[in-house]
Amino acid sequence: MKANKLPIFKTKLEEIRSSLVGDVEKVIKSSQKDMSAPAPDITDGAAQAYNLQLMLELGEQDWQKLKKVEDALNKIKTGHYGICSECEQPIPEARLEVVPFAEYCVGCMNDIEKEAQSHP
Ligand SMILES: [Zn+2]
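Residue numbering note: each chain is counted from 1, following its sequence as written. Local features in a predicted model are, by the rule used here, given only for residues with pLDDT of at least 70; side-chain atom pairs are given and counted only at 80 or more, and totals for whole chains, interfaces and linings are based on all residues.

K.L.:
Requested: an account of the packing of helix α1 (residues 6-31) against helix α2 (residues 44-58), with residues and values cited.
P.N.:
Throughout, an axis means a line fitted to C-alpha atoms (over the contacting stretch in the case of helices), and angles, computed between N-to-C directions, take values from 0 to 180 degrees. Secondary structure elements are defined from DSSP: runs of H or I of at least 4 residues count as helices, runs of E of at least 2 residues count as strands, and each element is numbered from the N terminus. One way to put it is that α1 packs onto α2 with a least axis distance of 10 Å and a crossing angle of 115°. Judged by the angle between their axes, α1 and α2 are roughly perpendicular. With respect to the hand of their crossing, α1 and α2 are arranged in right-handed fashion. Each of L20, V21, V24, V27 and I28 in α1 lies in contact with α2, whose residues at this interface are Q53, L54, E57 and L58. Polar here means any residue other than Ala, Val, Leu, Ile, Met, Phe, Trp, Tyr, Cys and Pro, which are nonpolar, and Asp, Glu, Lys and Arg, which are charged; Gly is therefore polar. In the contact of α1 with α2, the residues fall into seven nonpolar, one polar and one charged. An angle counts as roughly parallel when it lies under 35 degrees, as roughly antiparallel when it exceeds 145, as roughly perpendicular when it falls between 65 and 115, and as oblique in every other case. It is the rotation of the near helix from the far one that decides the hand of a crossing: anticlockwise by less than a right angle makes it left-handed, clockwise makes it right-handed. Any pair of residues counts as being in contact when their C-beta atoms, constructed from backbone geometry, are within 7 Å of one another.

K.L.:
Give me the environment of E93: which residues, what numbers.
P.N.:
Along the chain, E93 turns up in helix α4 (residues 93-98). Taking the C-alpha atoms as reference, E93 lies 9.7 Å from F9; in sequence the two are 84 residues apart.

K.L.:
Describe the nonpolar core, and please don't skip the residues or the numbers.
P.N.:
Think of a nonpolar core as buried Ala, Val, Leu, Ile, Met, Phe, Trp, Tyr and Cys residues, each tied to the set through C-beta atoms within 7 Å. Residue burial here comes from a neighbour count, namely the number of other C-beta atoms, placed from the backbone, that lie within 10 Å of the residue's own C-beta, with 20 or more meaning buried, 12 or fewer meaning exposed, and in between meaning partly exposed. Within the largest apolar cluster, eleven residues are counted, these being F9, L13, L66, V69, A72, Y81, I91, L96, F101, Y104 and C105. Breaking this core down by element, the ones donating at least two residues are α1 and α3 (60-78). Of all the elements, α3 adds the most residues to this core, at three residues. Once you skip the residues sitting within four places of it in the chain, Y104 turns out to touch C84, S85, E86, M109 and I112.

K.L.:
I'd love a proper account of the packing of α1 against α3, names of residues and values included.
P.N.:
Taken N-terminus to C-terminus, the directions of α1 and α3 make an angle of 150°; their axes are 10 Å apart at the nearest point. One element, α1, and the other, α3, form an angle in the roughly antiparallel class. Crossing handedness for the pair α1 and α3: left-handed. Listed contacts from α3 to L6, F9, K10, L13, I16, R17, L20 and V21 of α1 are D62, K65, L66, V69, A72, L73 and I76. Here the residues of the contact of α1 with α3 sort into eleven nonpolar, no polar and four charged.

K.L.:
Could you give an account of α1, with specific residues and numbers?
P.N.:
Under the convention used throughout, the expected extent of a helix is 1.5 Å for every residue step, that is, one less than its residue count. For α1, which comprises 26 residues, the first-to-last C-alpha distance of 36 Å matches the rise-based estimate of 38 Å (1.5 Å per residue) to within 8%. Considering bend angle alone, the principal kink of α1 is centred on V21 and spans about 35°. Two axes define the bend at a residue: one fitted to the seven residues ending there, one fitted to the seven starting there, and the bend is the angle between them.

What follows is the structure in structure tokens.
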């Protein structure tokens with residue numbers, strides 16, 4: 001992937017993250033009106049409690065999606081973004097444009113899905 005494409009995907013990922021977390025953060029903040037600390041990352045304990053509440057508010061599916069989005073953002077930082085976690089080949093940009101948080105290339109994704117279906 002060309003380095004100048006990365007900021008585009010980073011922006012997309014950040015947009016997905018705020019669309020997932022945005023509403024939930026409002027709910028969490030309004031339920032913690034007496035807590036003066038707005039940032040979740042002051043202490044590990046606070047961050048854990050925050051994550052737990054986030055998980056409960058989001059539900060399983062959105063939580064998994066959020067994790068993938070955050071993984072992808074971390075990969076951008078470490079320079080591993082757009083690499084398939086299975087075969088370590090670059091994931092086509094066309095796929096990343098549809099699913100910016102894709103972990104696998106299409107071939108591996110199909111294999112994994114087949115595998116999952118054959119072992120219910
Ligand atoms: Zn692959």
